[in-house]
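# Structural features, examined
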Amino acid sequence: MGTMKAAIAAPLLLLLLCVCSSAALGDSSSSSGGRPYHFGEESFRHWARTRHGRFRVLDRFADELIEDAVGKYRVAVLEAAPRAFLQPSHYDADEVMFVSEGEGVVVLLRGGKRESVCVREGDVMVIPAGAVVYSANTHSHDWFRVVMLLSPVSTPGRFEEFFPVGGDRPESFFSVFSDEVIQAAFNTRREEWEQVFEKQRKGEITTASEEQIRELSRTCSRGGKSGSSEWEIKPSSLTGKKPLHTNNHGRHYEISGDECPHLRARNMDVGLANITRGSMMAPSYSTRATKIAVVVQGSGYFEMACPHVSSSSRRSSREHGSRRREEWGREEEEEEEEEGHHEQEEEKSRRGGYTQVRSRIQAGSVIVVPAGHPTVLVAGQEENLAVLCFGVHAGSDEKVFLAGSNSPLRQVDDHAKALVFGAEAREVDRVVQAQTDSVFFRGPHSRRDYYSV
Ligand SMILES: *[C@@H]1O[C@H](CO)[C@@H](O)[C@H](O)[C@H]1NC(C)=O
């Protein structure tokens, strides 16, 4: 009896899954689509917000479909107003930062030294966990925006910010130590110590005078002095280097572990795809890396093939609108049981079948693309779509482009073509060789109305 019940319950569950996932898909034109791979503005929390700027952190990647690959990382965005100054602090996390807009100075206090680094739009820099850092927007009119990937060093997916100097907010972490400890440690009376360490009342993002900014920028450098080690902290311009791929439809830049030992040590790389408006990036996947992609400019949409939801849900979502299916979902369930189709359905879902994950994306959207998952990015008609990609588990990763002149599907040997494709070699060639560009293509204009904002 028990097993009978289970046998009936399984297809029922499958059906429920259909309804839920297709409801989500049906909604994919809104920012809630694409779960659990896509995150919109609403998934960020403010850790700091003042007149002079804000620091926002994306929720943890907690869904089981992505947690193993990226659950230990966090995405954050810093936005600093003209001449904003950020109080010194350290994180219990390594930070890979990308300057998406503006210019600034980043001062690191570590190893008994002060390193003052000038950064500007397009730069990537790694800040090791525990370094005490303060920074400022050195421009007097433009905002300074930084996208970062944090890799917590003690608790996967959780990190904190520690301020040595403060007031009410932020509080100095020293304030919890007892008077006798503070007095002995600093060799100073507690009251005097407080005057210095606990009287900063303006918050963690303040503003500096023109002159203070001038002084801060005067001493900063781009690194690379002779005799400096490869482990020196210095910015590398991602968008200033030669693109890996480029044509009229877009440019793809990358900084790999080979070029940056700090990235290699963390098994990461950083890339940027700048897709021309109205164009698209070829369907592609990464062989090993999972990509955490952050849209830094423009808008468009992405589609991904996901094998983790049953094929039956995909089939239904293609064939029927979600509302309609909800109406007759119950009927279908009975029908299938009568015809004994449910076993077949289950079998099919185990063997393969993919769900389309799709969502509109815009500046600030975050997408997680697991290794091996074919994905497409399409730029909107108005503006270029620029997507920053943090690759994790990136050692010996390769990107495979599934259409265009560098597609592996062009390499199938002539004798195997009929076997593989079930069509004549000549027909196969006509189709797999029709796209003569590589990596970036003209976009799907014909579907413009369907996807338009
Ligand atoms: C993308 O390319 C356009 C056109 O060259 C450029 O104006 C824009 O700044 C680029 N975006 C990024 C983020 O590099």
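One structure accompanies this document, and this report is about it. Note that the coordinates shown come from a computational prediction; the quantities given were computed from them, not determined experimentally. (Residues numbered from 1 in each chain as written. Predicted model: local features only at pLDDT ≥ 70, side-chain atom pairs only at ≥ 80, totals over all residues. Heavy atoms only, no water.)

What follows concerns the overall build of the chain. The secondary structure content of the chain amounts to 12 helices and 26 strands. Within the chain, the fraction of its 453 residues that count as buried is 47%. Here the analysis covers contacts within the chain between residues at least 6 apart in sequence; of these, 77% occur between residues at least 24 apart. Summed over all atoms, the accessible surface of the chain reaches about 23600 Å², with 48% contributed by carbon and sulfur. (Helix = DSSP H or I, 4+ residues; strand = E, 2+ residues; numbered from the N terminus. Buried < 20%, exposed > 50% of the residue type's maximum accessible area, 1.4 Å probe, protein only. Contact = heavy atoms within 4.5 Å. Areas by Shrake-Rupley, 256 points an atom, 1.4 Å probe, with all protein chains shown as cover.)

Bringing the site of the ligand into the picture now. Around the ligand, the structure places Thr239, Arg251, Leu272, Asn274, Gln297, Asn384 and Ala386. Arg251 is positioned with one of its side-chain polar atoms (N or O) 2.8 Å from an oxygen atom of the ligand. In the model, a nitrogen atom of the ligand is placed 2.7 Å from a nitrogen or oxygen of the Gln297 side chain. Its residues assigned to classes, the shell around the ligand comprises 2 nonpolar, 4 polar and 1 charged. (Near = heavy atom within 4 Å. Polar contact = N/O pair within 3.5 Å; in protein donor to acceptor, adjacent residues only side chain to side chain. Nonpolar A, V, L, I, M, F, W, Y, C, P; charged D, E, K, R; others polar.)

What follows covers the sheet that holds strand β6 (residues 93-101). Spatially, 7 strands are ordered β2-β3-β4-β11-β6-β9-β14 in an open sheet, and the strand pairing comes out antiparallel. The strands lining the two open edges of the sheet, one partner per strand, are β2 (44-50) and β14 (236-237). (Pairing = 2+ DSSP bridges.)

What follows is about the environment of Arg277. Tracing the backbone shows Arg277 in the loop between β17 (268-275) and β18 (279-286). Separated by 166 residues in sequence, Arg277 and Gly443 place their C-alpha atoms 8.5 Å apart. Of the polar contacts made by the side chain of Arg277, one reaches the backbone oxygen of Gln381; its length is 3.1 Å.

Take empty space enclosed by the protein next. To locate leftover empty space, one rolls a probe as large as a water molecule over the atoms. Tallying each qualifying case throughout the model produces 3 cavities of 30 Å³ or more. In this structure, the largest cavity occupies an estimated 350 Å³ of space. Around the largest cavity, the lining is made up of 27 residues, and of these Leu86, Tyr91, Glu95, Val133 and Ser135 lie nearest the centre. Those elements that place two or more of their residues in the lining of the largest cavity are β5 (84-91), β6, β10 (132-137) and β11 (144-152). For the lining of the largest cavity, the leading source of residues is β5, giving 5 residues. (1 Å grid on protein atoms, 1.4 Å probe; cavity = no way out; pocket = protein on both sides within 12 Å on 5 of 7 lines; lining within 4 Å. Points joined across faces, edges and corners; volume = space filled by probe spheres on them.)

Turning to the packing of aromatic side chains, a few remarks are in order. A complete count under the given rule lists 14 aromatic pairs for this structure. By the ring-pair criterion, three or more aromatic residues cluster together here, those being Phe173, Phe174, Phe177, Phe186, Trp193 and Phe197. In this structure, Arg56 packs its charged tip against the face of Phe44, placed 4.8 Å from the ring centre. (Phe/Tyr/Trp six-rings, centres within 6.5 Å; stacked < 30°, edge-to-face > 60°. Lys NZ or Arg CZ within 6 Å of the ring centre and 35° of its normal.)

Read from one edge of the open sheet, 7 strands run β1-β22-β19-β24-β17-β16-β15, paired in antiparallel fashion. In this open sheet, the two strands that pair with only one neighbour each are β1 (38-39) and β15 (245-247). Direction of pairing for strand β19 (residues 290-297) relative to strand β24 (residues 385-392): antiparallel, over a ladder of 7 bridges. By the bridge assignment for β24, Gln297 is matched with Ala386.

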